[in-house]
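# Fold and geometry: a report
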Amino acid sequence: MSITVTGLVKHFDSFAALKGVDLAVRPGEFLALLGPSGSGKTTLLRILAGLEFPDAGQLTIDDVDVSEQGARDRQMGFVFQHYALFKHMTVAQNVAFGLRVKPRKERPSRAEINERVDRLLQLVQLEQLGDRYPTQLSGGQRQRVALARALAIEPRVLLLDEPFGALDAKVRKDLRRWLRGLHDEMGITSIFVSHDQEEALELADRVAVMSEGRIAQIGTPTEIYRNPANAFVCEFLGNTNRLTCRIEKGGAKLGEQFFAAAVPSDAPALPGVAYVRPEDCDIHTEPNAAGLKARVLKIHAAGPAVRVELRRLESDEIIEIHLPPGTDAPDVGSDVALSFRRVRIFPVATA
Amino acid sequence: MNPKPQNAPRRRDPTTEPVWVRWLLILITIGYLLAMLVLPTVSVFIGGLAKGIQAYLAAVSEEDALAAIRLTLLVAAIAVPLNVVFGLAAAWAIAKFEFRGKSLLITLIDLPFSVSPVISGLIYVLLYSVHGWFGPALDALGIKVVFSATGIVLATIFVTFPFVARELIPLMQEQGTDEEQAAISLGANGFQTFFRVTLPNVTWGLLYGVLLCNARAMGEFGAVSVVSGHIRGLTNTMPLHIEILYNEYDFVGAFAVASLLASLALVTLALKSLLEWRYADRLASGARH
């Protein structure tokens, strides 16, 4: 199932939720819509499901225009953020719902429905709980019921709205892994919305980072992490240090190092921001070492990396650096020099 | 510092009061219920049976009393279903759609609660009596509203109008539209969504509203009194009949019919408890009422 979205615009009263979104979803891929709240990711997902209609733009599924089609006819499996399970029905009745409401001539027989429900409950590992009511289940179990219910109608695409948002950390991790396995097994095109960058980067084949009603960047998790296209993506994805700098001659100097920026080399000098990930920095403790001067404020050695917090001497900006475990950390209060392995520089205007 | 003083009070649940406070509260509640609710209700039955079971049965089976019972049941049978349909429609509209004038509509629904029932009755007299706005036109068509069962039904509908809607609006608002959206995305049409998802979710609230509405429909006095005209055997409902008997110093008769009216209320209450008990498991797992 390939989905193509072009020029999608959606307003809620005076608020512009989507300001022209273009997106092509490849068949069988697991796509994440990642962004802060208010970036339009849920609106986009709901428009794909037919639960919301755009003010402008087009939506095609396998080259068929479905812009005017309602949710009922779109055959999209939608998993709601808070699951929206039918409270008055048992787990099995919930899963069977989509089959029972089919028009008579398409509806499977009672025995077939029961068999399919059993199979789905097995798939989501809830075969023992078919007779329970949703309120008698844990959050993770409810999530899986919602998934089984959406899968029952054999959807063309699976859409998940913050699928792990309401779960605690441990369950979330397990369920994440399990969902990825399920996706690979079934080969169904899936799109999920998340505000958690770690979740999106770990789970998805491709990530679309959204900001203020637009897609800021789309790519594989590695591409997006290593080559953020703009300042927003830089800041939103993972821990990053933000250092003010001055862009001159197509780049900026940090300490003794010069890094190129995405501006013409003959452009006039302008203020910029350099983004450096904590793992892309080196600390030089020897006296008179070349680099950006900083003072060590704190050291957190507990955890997978040694986290060093420093203050840049020129500007009082706080810098966080991750050293591989076992590295000798500098002394607290000492002055050191920093060098950087990878820096992204953007002019302030777009930052 | 001694962390555990010898005579420290025993630890208890932070929300639990001392025993004497608990007993005091329970006693006040029971005493109040007995004095204000149970005793008067019991006295109605005792008053009805004061001259023996024969007199009781005679008063209840007298022709005018039977007519009043029939009329009361008829009025409830018309007013309650109509207000259920209206209440559902209003609650649905208010809880699930956004539109202009919504808060005005909510206020309007409450109007019958804030207006004295006598005024509710007078409104109908003003509109439909021979000298009223629509009276002459309806009269020409041979339809009589005031001093007839029609007027009583209309006045009762007016007075009992908010019960179902008021019960359902907060319930439906709280539930939102998530489950409906889920049903639609699973391929359900409007009817299926309403009957399989929306309605079952509000069953208990609806039932509660129906019971309240029914109790008020059978018991309404003020509004009905104004439009009825008190024609015995024709436009007398049970509350009106009771008043007439009482004014005629027929205390046994008045209390006998009153006990019957009270019994109808007790039956509806029992019915509600029975349903709650019967569907306790569903109740526990689903809706709130």
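Calculation criteria
Residues numbered from 1 in each chain as written. Chains lettered and ligands numbered in written order. Predicted model: local features only at pLDDT ≥ 70, side-chain atom pairs only at ≥ 80, totals over all residues. Helix = DSSP H or I, 4+ residues; strand = E, 2+ residues; numbered from the N terminus. Buried ≥ 20, exposed ≤ 12 C-beta atoms within 10 Å, placed from the backbone. Contact = placed C-beta atoms within 7 Å. Nonpolar A, V, L, I, M, F, W, Y, C, P; charged D, E, K, R; others polar. Core = buried A, V, L, I, M, F, W, Y, C linked by C-beta atoms within 7 Å. Pairing = 2+ DSSP bridges. Domains from an automatic or database assignment. Axes fitted to C-alpha atoms, helices over the stretch in contact; angles between N-to-C directions. Left-handed = near helix turned anticlockwise from the far one by under 90°. Expected span 1.5 Å × (residues − 1). Parallel < 35°, antiparallel > 145°, perpendicular 65-115°, else oblique. pLDDT = per-residue confidence, 0-100.

## Quick look at the overall build of chain A
The number of helices and strands found in chain A is nine helices and 20 strands. The C-alpha extent of chain A, read off along each of the three principal axes, is 80 × 45 × 35 Å. Expressed as a percentage of the 351 residues in chain A, the buried residues total 40%. Of the contacts formed within chain A by residues at least 6 apart in sequence, a portion of 65% connects residues at least 24 apart.

## Some words on the interface of chain A and chain B
Facing the 21 residues of chain A at the interface are 19 residues of chain B. Of all elements in the fold, only α2 (71-74), β6 (76-79) and α3 (91-100) of chain A reach the threshold of two or more residues within the side of chain A that touches chain B. Split by residue class, the side of chain A that touches chain B holds 12 nonpolar, five polar and four charged.

## Side note on the nonpolar core
Inside soluble globular proteins, nonpolar side chains tend to come together where they are buried. Counting 103 residues, the largest nonpolar core has Ala32, Leu48, Val95, Leu159 and Ala208 of chain A as its most contacted members. Looking at this core element by element, the count peaks at seven residues for helix α5 (residues 139-152) of chain A. With near-sequence residues (within four places) excluded, Ala208 of chain A lies in contact with Leu23, Leu31, Ala32, Leu33, Leu34, Ile215 and Ile218 of chain A. Core analysis: the second largest hydrophobic core is formed by 56 residues, Met172, Leu206, Cys213 and Phe255 of chain B among them.

## Structural notes on the pairing of strand β10 (residues 214-219) of chain A
All names here are of chain A. Taken together, the five bridges between strand β9 (residues 206-211) and β10 define a ladder with antiparallel strand orientation. Of the residues in β10, the one forming a bridge with Ala208 is Ile218. If you look at the hairpin formed by β9 and β10, you'll find two residues sitting between the two strands, and Glu212 has a positive phi there, around 50°.

## What about unusual backbone geometry?
Both trends apply: most residues other than glycine have a negative phi, and most peptide bonds are in trans. Residue and element names in this part refer to chain A. Phi at Asp13 is positive, roughly 50°, even though this residue is not glycine. The topology assignment puts Asp13 in the loop between β1 (3-12) and β2 (15-25). With 6 C-beta atoms counted inside 10 Å, the residue Asp13 sits in the exposed group. In this structure, Asp316 takes a positive phi of about 65° despite not being glycine. Residue placement: Asp316 occurs in the loop between β17 (306-312) and β18 (318-323).

## Let's talk about the domain arrangement of chain B
Residue and element names in this part refer to chain B. In terms of domain boundaries, chain B breaks down into domain 1 (13-48) and domain 2 (52-282). When each unit is reduced to the centre of its C-alpha atoms, the spacing between domain 1 and domain 2 is 30 Å. Looking at the side of domain 1 that touches domain 2 residue by residue, the classes come out as two nonpolar, three polar and no charged.

## Regarding the sheet that holds β18 of chain A
Residue and element names in this part refer to chain A. In space, the five strands of this open sheet follow the order β15-β19-β16-β17-β18, with antiparallel pairing throughout. Taken across any chain shown, the strands that pair with only one partner, and hence form the sheet edges, are β15 (281-284) and β18. Direction aside, neighbouring strands of the sheet carry axes that sit 45° apart on average. Of the pairings in the sheet, the one linking strand β16 (residues 292-300) to β17 comprises six bridges and is antiparallel in character. Bridged to Val296 within β17 is Leu310.

## Focus: the packing of helix α3 (residues 63-96) of chain B against helix α10 (residues 190-219) of chain B
Residues and elements named next belong to chain B. Closest axis-to-axis distance for the α3/α10 pair is 9 Å, and the angle between their directions is 145°. For the element pair α3 and α10, the recorded crossing hand is right-handed. Contact residues: α3 offers Thr72, Val75, Ala76, Ala79, Val80, Asn83, Val84 and Gly87, while α10 offers Gly209, Val210, Cys213, Asn214, Ala217 and Met218. Its residues assigned to classes, the contact of α3 with α10 shows nine nonpolar, five polar and no charged.

## Considerations on the sheet that holds strand β14 (residues 270-276) of chain A
Residue and element names in this part refer to chain A. Read from one edge to the other, the open sheet built from five strands follows the order β13-β12-β11-β14-β20, with strand pairing classed as antiparallel. Bordering the open sheet on either side are β13 (257-260) and β20 (344-347), each of which pairs with just one other strand. The sheet shows a mean angle of 40° between the axes of neighbouring strands, direction not considered. Relative to strand β12 (residues 251-254), strand β11 (residues 241-248) runs antiparallel, the two sharing two bridges.

## Thoughts on α3 of chain A
Two residues of an α-helix separated by three or four positions point the same way, owing to the 3.6 residues in each turn. Counting buried positions along α3 of chain A yields eight of 10 residues, so the element is predominantly enclosed. Among the residues of α3 of chain A, Val91, Ala92, Asn94, Val95, Ala96, Phe97, Gly98 and Leu99 of chain A are the ones counted as buried. Buried residues belonging to α3 of chain A abut α4 (110-123) and α5 of chain A together with α9 (178-185) of chain B.

## What to know about α4 of chain A
Residues and elements named next belong to chain A. The terminal C-alpha atoms of α4 lie 20 Å apart, and with 14 residues this matches the ideal 20 Å at 1.5 Å per residue to within 8%. Tucked into the core, α4 has its buried residues touching α3 and α5. After α4 finishes, the residue Gln125 shows a positive phi value of roughly 60°.

## Looking at the pairing of β1 of chain A
Residues and elements named next belong to chain A. Sheet topology places β1 next to strand β4 (residues 56-61); five bridges connect them, and they run antiparallel. When the sheet's bridge partners are listed, Val5 is paired in β4 with Leu59. Strand direction decides the pairing type here: β1 and β2, joined by eight bridges, are antiparallel. For Thr4, the partnering residue across the bridge sits in β2 and is Ala24.

## Topic: the packing of α3 of chain A against α4 of chain A
When two helices pack together, their arrangement is given by the angle between their axes and by how far apart the axes lie. Residues and elements named next belong to chain A. Here α3 crosses α4 at 130°, and the two axes come no closer than 9 Å. It follows that α3 is oblique to α4 by the angle criterion. The element α3 and its partner α4 pack so that their crossing is right-handed. Seen from α3, the contacting residues are Ala92, Val95, Ala96, Leu99 and Arg100; seen from α4, they are Ile113, Arg116, Val117, Leu120 and Leu121. Taken together, the residues of the contact of α3 with α4 sort by class into eight nonpolar, no polar and two charged.

## A short note on the confidence of the model for chain B
All names here are of chain B. Of all residues in chain B, 92% attain a pLDDT of 70 or more, and the chain-wide mean is 84. The least confident element of chain B, judged by mean pLDDT, is helix α14 (residues 280-285) at 57; the most confident is α9 at 92. Overall fold confidence (pTM) sits at 0.78, and the ipTM for the predicted complex is 0.82.

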